Amino acid sequence: MGLLKFQTVGRDSIFTRLDFRVKLVMMIALTVIAFVWESPLLQIGLCAAVVLATLLAGVRLSYLRTVLLVMLPFYLFLLVTMGLFNVAQVRSLLGREELTYLYRLPADWWLVGGVGFTLEGLLYGVNIVFKTLTMALVIPLVIFTTDVDHIVTSLVRAHVPYSVAFVFSATLRFFPVLLIEAQSIIEAQRLRGLAVESMGLLRRARVYARIAVPLILSSLVKSQQLEIVLQSKAFSTNPDRTYLHESTLHTADYLAMAFFVLLVVAAAAAYFGLGVGRFGGPLDFIHR
Amino acid sequence: MSEPLAVVDNVSYQYPHAERFALTDLSLTVGRGEFVGLIGPTGAGKTTLCLAFNGIVPQFYGGRFFGYVRVAGLDTLESPVSALARHVGQVLQDPEIQLIATSVENEVAFALENIGLPRAQMRERIAWALDAVRLSGTESRHPSELSGGQKQRLAIAAGLAMRPNLLVLDEPTAQLDPVGAQEVFATVHELNRELGIAILLASHAAEELAEYADRLVLLAEGRIVTQGTTDEVYSQVDLLRQHHLRPPQVATTFYLIGGGRPDGRIPVRLDDGLRAFERLNGNLCPQPPDLPPPVSHPDPPLLSVKDLHHTYPDGTQALKGVSLDIHPGEYVLIAGQNGAGKSTLIRHFLHLLEPTAGVVRVGGEDASARPTSALARRVGYVAQNPDSQLFSRTVGEEVAFALHHLGYAEDEVERRVVENLDALGLLPERERHPFALPKGDRARVVIAAILALEPEAVIFDEPTTGQDYQGAHHILEISRRLHQMGKTIVVITHHLYLMPGYAERVIVMGRGTILLDAPIRQAFHDLETLGATYLTPPQAVILAQALARHAPGSGADAYPLLTPEEVAACVVGGEG
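Conventions we followed
Residues numbered from 1 in each chain as written. Chains lettered and ligands numbered in written order. Predicted model: local features only at pLDDT ≥ 70, side-chain atom pairs only at ≥ 80, totals over all residues. Helix = DSSP H or I, 4+ residues; strand = E, 2+ residues; numbered from the N terminus. Rg over C-alpha atoms; globule rule 2.2 N^0.38 Å. Buried ≥ 20, exposed ≤ 12 C-beta atoms within 10 Å, placed from the backbone. Contact = placed C-beta atoms within 7 Å. Nonpolar A, V, L, I, M, F, W, Y, C, P; charged D, E, K, R; others polar. Domains from an automatic or database assignment. Pairing = 2+ DSSP bridges. Axes fitted to C-alpha atoms, helices over the stretch in contact; angles between N-to-C directions. Left-handed = near helix turned anticlockwise from the far one by under 90°. Core = buried A, V, L, I, M, F, W, Y, C linked by C-beta atoms within 7 Å. Expected span 1.5 Å × (residues − 1). pLDDT = per-residue confidence, 0-100.

For chain A, the helix and strand inventory stands at 11 helices and 2 strands. For chain A, the succession of helices and strands along the chain, N to C, is α-α-α-α-α-β-β-α-α-α-α-α-α. Here the C-alpha radius of gyration of chain A, 24 Å, is well above what a compact globule of 288 residues would show, namely 19 Å. By residue count, 31% of the 288 residues in chain A fall in the buried class. Of the contacts formed within chain A by residues at least 6 apart in sequence, a portion of 73% connects residues at least 24 apart.

Here it is as C-alpha cells:
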C-alpha cells in the first residue's frame, strides 16, 4: 500500500500544518523569485533552502534522488551547451566583451572548431539548473505535505469552482494508482524472461513503450469505474454542497502568507533597486 | 413477501454497441427489509441488474432500456442518480476503486457533502454509520491502511450514511480473504436484521448466501431462471450445475445421498446438514480412505528456502525464519490469511524481493544472485490480476513476446505459440486483442505466455480470484495437466474447497511462519491450525468429522474425507 500514499509525507511539520492556500502563495512566490533571478549563487542558495525544507517536511531522500536522476541528462546537456554557445547573452548581461575561457575546441574541428567553453556561460547554466530545480522541488513541498481532501476544501474557500478543485484532486489520486499499474506491467515483462537490466537504452525504451497501451486501457476502465462510484455517491457540483471540514486560516497562516508576499516585494526591490539577483549582481562573484 | 420496496418490471436492456441484451424481460421485486441473494455465472447480467437499481443503468451507460425500475416510488429513468443515491447504497467488487477520500471519515462524508447535509448532521451520520459497520475509532485513518474486509465495510458505511432503504452489493467479497468475507457478510446481515435495510447481494459465496439470504434469484443470460427461498434454490443441484454454479457443499452432499431432512428436502446450511447426520447414525462406510503414506523425494529440491526473513521498508515483518523444500513434480497448495506471508515467500523464488536474511535456492542455485529474467525461465509465475500482465496487440504476440526477446528462431517461436495456445483452447483467438476476451480467457492468455518459456515449475498466485466456479476450475484443470506432465505446481489460494483433487501437499502459513506442512487430507482436517490463520475448511471436511464422531469407537480423523462426493459415498456405502 506504500505507493498509494507516496504523495503524503508521514511527518508532522510546519508545512503539514499550514493551510494549502498559504502553501500555494509560497509556491508562487518562490517560483517567481527563481524565475526572475539569474544569479547562480542566489539560485543555489534558494534551491538549497527548498531542498532543506522538503527534507524537513519529510519528503523522502529517494524521491529527491529520483528527480535528480531524471533531470541529470538534461542538466549536463544544458551546462555543456551554455558553456559553449551562450556567449552573446552573458556578454550583454555582464556588459563586457571578454569572457573567461576554460577550454577551446581544436580549430580544425568541423563547424565547432575554435569554439570556447566559457566560465560565464557555465555559470549561467548553473543558474538555469538550480532555477528549474527549485521550481520542480517546491511542488512536492506543497503537494506532499497536504492531504488531498484538504486541497479541495482549501481551493473551494479560495473561490475555485468545486468541479475544478475535484478534477485537480482526482488527478492527484489517480497518479499513484497508475504508477502501481505501470510497475506491475514492468514486473510482468520481467516474469516473461525479459532481461530489462541488461538491455541497451533504445531497446529498453521500446520495451517500456509497450506499457502505454495497457496503461491507457486500465486508466479508461478505472476512470469509468470512478465515475460510477461518484454517481452512486450523489456527486454533484451543486453550489449548495457542504463540507465536513472547514478550511480556515489561522494567525500563523496569515503571517506566513504575509512573509512570502513581503519576500517577493523585497526581492523585487533588491533586484530592480540594487541589482541583487542579477547575473553578476552585487552578491555574485562574477565580476562585471 | 413484505411490502415492495424496489420493483423491476419487465426490464430489457442492451448496452450501446452490444450485440445482445444484457437483461431480458426481467421482473423482480425486493420487499422492505428483505435479504435477496443474486446468483449466476459470469456474464449472467448480475452487475447490470445491480446498477439498474440506482439508475446508473441506463442513465450513465446509455443504450436501449425497456420496462421500468422503481425504488421507493422513484422511477430510475426519471429521477437523477444523485436523487436515487439517497435510497440505494451501492457497494462494488473492488474495494480499492470505490474509496476516494484520504480519511475514513471523509470517505463516509463524501456523499453527505454532495447532498448538502449540514455539518452537525453529517457528524452524527458518520458516527452512526461507522458504528454500524464496527469501524468506530478509525475516523482519521487513511483507507489504504485498512484490511480488505475493513475497506468493504467502509464502502458499506459510505452507502449507509445516506440512510438508504436498499443496499446493493455486487460481489463484495470476491477479492477478500475468508476473514474479510466473513466480516462483510456478518455486517450486512446485522444491518438487515437490526436496521431493516433491504439487501440485494450478488455473490458466488454459496455457503454464506445459504446462511444469510432470505431469498435467492438465479440469473442466466440476462433472464431469471428461478427464484425462491435459499432452501428451494440451492436444493436444485442439477439446475445449478447446468448453469455452472456451485451449490453449498452440504447441499451437494445430501443431493448425492438423496434427501436428508425429515421432509425429504436437501439441507443447504451446515447446521441443518449436521442435524441430518445425527439421523443417519450408524450408517457409515466401513472402510474410509487411508491417509497416504509419507512421500520420499529422491531428487534435490527445485525450490528451497532456509531460515528466510523478510522485512518490508515500512517495518512489517512478513516472513520470520521460513524453511521449506519443494521437490520436482510436487503439487503444493499454500494457504493462509492475507498478510500471512504467502506472496512474499513466493516472490523470493523469482528474485522479485531480496531476502532480509536467509537463503533462497532455485534448482540448487542462489536465487538472490540471479536476475528475475533468468529465474522466470525456470519458474513461471502467474500473478493475481491478468490485466496488468497483458501488453501486446494480439493473443499470439502476447505468447510470442518473451520468445522473440530471448532470441528463439522464428519456426521455434511459431511452434511454441501454436502449441501453447492450442493447449489452452485459445488458438481461435490468436489474432484478437487480449483485452477483447472475457476475464477468464485473459487469465489463460497469461498462462499460455508463461508456459511458452517451458518452465520447470509454475506458481499460480490466487488464480481463482474474480473467477466464477467454472472459470476457477478451468484454471485448476490446466494446473493439473501441467502437473501430470511432470511440472512442479504451487498454488496460492484462500478457496480451500477448490483444491481437493488437485493439491497433494498443503502448507498453511500464518503471521510470517509455516504453521503446518502436511498432505492435504491431514491438513484440511487440522481445523485448529486452519482456524489460527482464519481459514475456513470446506463444509465436506466438517461433515466428515461429524461422521467420524458418530462412528462408534473412532477418532475425529478417522474419516479424512475432503469432498461432498467422498462424504456421500461413505454414507451411501454404509447404508448399502
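From this point, things continue past the structure.
Helix and strand counts for chain B come out as 22 helices and 20 strands. What you see for chain B is a C-alpha radius of gyration of 25 Å, in line with the 25 Å of a compact globule of 576 residues. For the C-alpha atoms alone, the extent of chain B along its principal axes is close to 70 × 60 × 50 Å. Going through the 576 residues of chain B one by one, you find that 54% of them count as buried. At a minimum sequence separation of 6, the contacts of chain B that also span at least 24 residues come to 67%.

Facing 53 residues of chain B, the contacting portion of chain A comprises 44 residues. Of all the secondary-structure elements, those providing two or more residues to the side of chain B that touches chain A are helix 3 (81-84), helix 4 (104-114), helix 5 (119-132), helix 14 (372-375) and helix 15 (395-405) of chain B. The dominant element in the side of chain B that touches chain A, judged by the number of residues it contributes, is helix 4 of chain B, at 7 residues. Broken down by class, the residue content of the side of chain B that touches chain A amounts to 30 nonpolar, 16 polar and 7 charged.

Moving on, we get to the domain arrangement of chain A. Residue and element names in this part refer to chain A. Looking at the assigned domains, one finds that chain A contains domain 1 (20-146 + 265-288) and domain 2 (148-210). Each of domain 1 and domain 2 has a C-alpha centre, and the two are 29 Å apart. With 4 residues of domain 1 at the interface, the matching set in domain 2 holds 5 residues. When its residues are assigned to classes, the side of domain 1 that touches domain 2 shows 2 nonpolar, 1 polar and 1 charged.

What follows covers the domain arrangement of chain B. One frequent convention defines the size of an interface as the accessible area lost when the parts assemble. Assigned domains within chain B: domain 1 (4-246), domain 2 (248-279 + 540-576), domain 3 (303-378 + 456-532) and domain 4 (397-454). Relative to domain 4 of chain B, the C-alpha centre of domain 1 of chain B lies at a distance of 37 Å.

All names here are of chain B. One open sheet holds the 4 strands; their spatial order is 12-11-14-15, and the pairing between them is antiparallel. Looking at which strands have only one partner, the edges of the open sheet turn out to be strand 12 (317-326) and strand 15 (365-366). Bridging between strand 14 (residues 357-362) and strand 15 involves 2 bridges; their strand directions are antiparallel. Each bridged residue has a counterpart across the sheet, and for Arg361 the counterpart in strand 15 is Asp366. Contacting strand 11 (303-311), strand 12 and strand 14, helix 13 (residues 342-349) crosses the sheet at an angle of about 120° to strand 11.

Describing two packed helices takes the angle between their axes plus the distance from one axis to the other. Residue and element names in this part refer to chain B. Two elements in contact, helix 4 and helix 6 (residues 148-160), have axes separated by 7 Å at closest approach and are oriented at 35°. Classified by chirality, the crossing of helix 6 by helix 4 is right-handed. For the pair formed by helix 4 and helix 6, the contact residues are Val104, Glu107, Val108, Phe110 and Ala111 on the first element and Leu154, Ala157 and Ala158 on the second. Here the contact of helix 4 with helix 6 is composed, by residue class, of 7 nonpolar, no polar and 1 charged.

What follows concerns the environment of Tyr408 of chain B. Residue and element names in this part refer to chain B. Relative to the assigned elements, Tyr408 resides in the loop between helix 15 and helix 16 (410-423). Among the residues examined, Tyr408 registers 16 C-beta atoms within 10 Å and is labelled partly exposed. Among residues more than four places away in sequence, those in contact with Tyr408 are Leu403 and Val413.

Residues and elements named next belong to chain B. Along the chain, Val57 connects to Pro58 via a cis peptide bond; the corresponding omega equals 10°. Relative to the assigned elements, Pro58 resides in helix 2 (residues 56-59). The backbone phi angle of Asp25 is positive, close to 45°, even though this residue is not glycine. Among the structural elements, Asp25 can be located in strand 2 (residues 23-31). Non-glycine residue Arg134 carries a positive phi angle of around 55°. Here Arg134 shows up in the loop between helix 5 and helix 6. For Arg134, a count of 15 C-beta atoms within 10 Å corresponds to the partly exposed category.

Residue and element names in this part refer to chain B. One open sheet holds the 6 strands; their spatial order is 16-17-18-13-19-20, and the pairing between them is mixed. Looking at which strands have only one partner, the edges of the open sheet turn out to be strand 16 (379-382) and strand 20 (513-519). Strand after strand, the sheet turns through a mean of 15° between neighbouring axes, direction not considered. Bridging between strand 16 and strand 17 (residues 457-461) involves 4 bridges; their strand directions are parallel. Considered in strand 17, the bridge of Tyr381 is made with Ile459.

The next thing to look at is the nonpolar core. Counting 202 residues, the largest nonpolar core has Phe53, Ala157, Ala161, Leu166, Leu200 and Ala448 of chain B as its most contacted members. Looking at which element gives the most residues to this core, the answer is helix 17 (residues 439-451) of chain B, with 8 residues. Ala448 of chain B has contacts with Val399, Asn420, Leu421, Leu424 and Leu426 of chain B, leaving out every residue within four places of it along the chain. Counting 34 residues, the second-largest nonpolar core is a separate cluster that includes Met82, Leu122, Tyr124 and Leu137 of chain A.

All names here are of chain B. Note that strand 9 (residues 215-220) and strand 10 (residues 223-229) share 6 bridges and pair antiparallel. Along strand 10, the bridge assignment pairs Leu216 with Gly228. Two successive antiparallel strands, strand 9 and strand 10, enclose a turn made up of 2 residues, where Glu221 displays a positive phi of approximately 50°.

Let us look at the pairing of strand 11 of chain B. Residue and element names in this part refer to chain B. Both strand 11 and strand 14 contribute to a ladder of 5 bridges, which runs antiparallel. Following the sheet pairing, Ser304 is matched in strand 14 by Arg361. The pairing of strand 11 with strand 12 spans 7 bridges and is classified as antiparallel. Residue Thr311 lies in a different strand from strand 12, and its bridge partner there is Gln317. The hairpin turn running from strand 11 into strand 12, its antiparallel successor, is 5 residues long, and Gly315 in that turn takes a positive phi close to 95°.

Before going further, it helps to spend a moment on helix 16 of chain B. Under the 1.5 Å per step criterion, the end-to-end length of helix 16 of chain B is 20 Å for 14 residues, consistent within 8% with the ideal 20 Å. The secondary structure elements touched by the buried residues of helix 16 of chain B are helix 15 and helix 17 of chain B.

The subject of this paragraph is helix 18 (residues 469-484) of chain B. Side chains three or four residues apart in an α-helix point the same way, a direct result of the helix having 3.6 residues per turn. Residues and elements named next belong to chain B. A rise of 1.5 Å per residue sets the reference length of helix 18, with its 16 residues, at 22 Å; its end C-alpha atoms lie 22 Å apart and thus fit the reference within 8%. Those residues of helix 18 that fall on the buried side of the exposure criterion are Tyr469, Gly471, Ala472, Ile475, Leu476, Ile478, Ser479 and Leu482. Buried-residue contacts for helix 18 involve helix 17, strand 17 and strand 18 (488-492). Phi turns positive, to about 100°, at Gly486, one or two residues after helix 18.

All right, on to the confidence of the model for chain B then. Within chain B, residue pLDDT values average 90, and 96% of them lie at 70 or more. The ipTM assigned to the predicted complex is 0.81, against a pTM of 0.85.

With that settled, the discussion passes to the environment of Ala206 of chain B. Residue and element names in this part refer to chain B. Along the chain, the position of Ala206 falls in helix 8 (residues 206-212). The class for Ala206 is buried, based on 26 C-beta atoms found within 10 Å. Ala206 sits 59 residues away from Ser147 along the chain, and the two C-alpha atoms are 23 Å apart. For Ala206, the residues in contact, after removing those within four places along its chain, are Tyr234, Arg246, Pro247 and Pro248.

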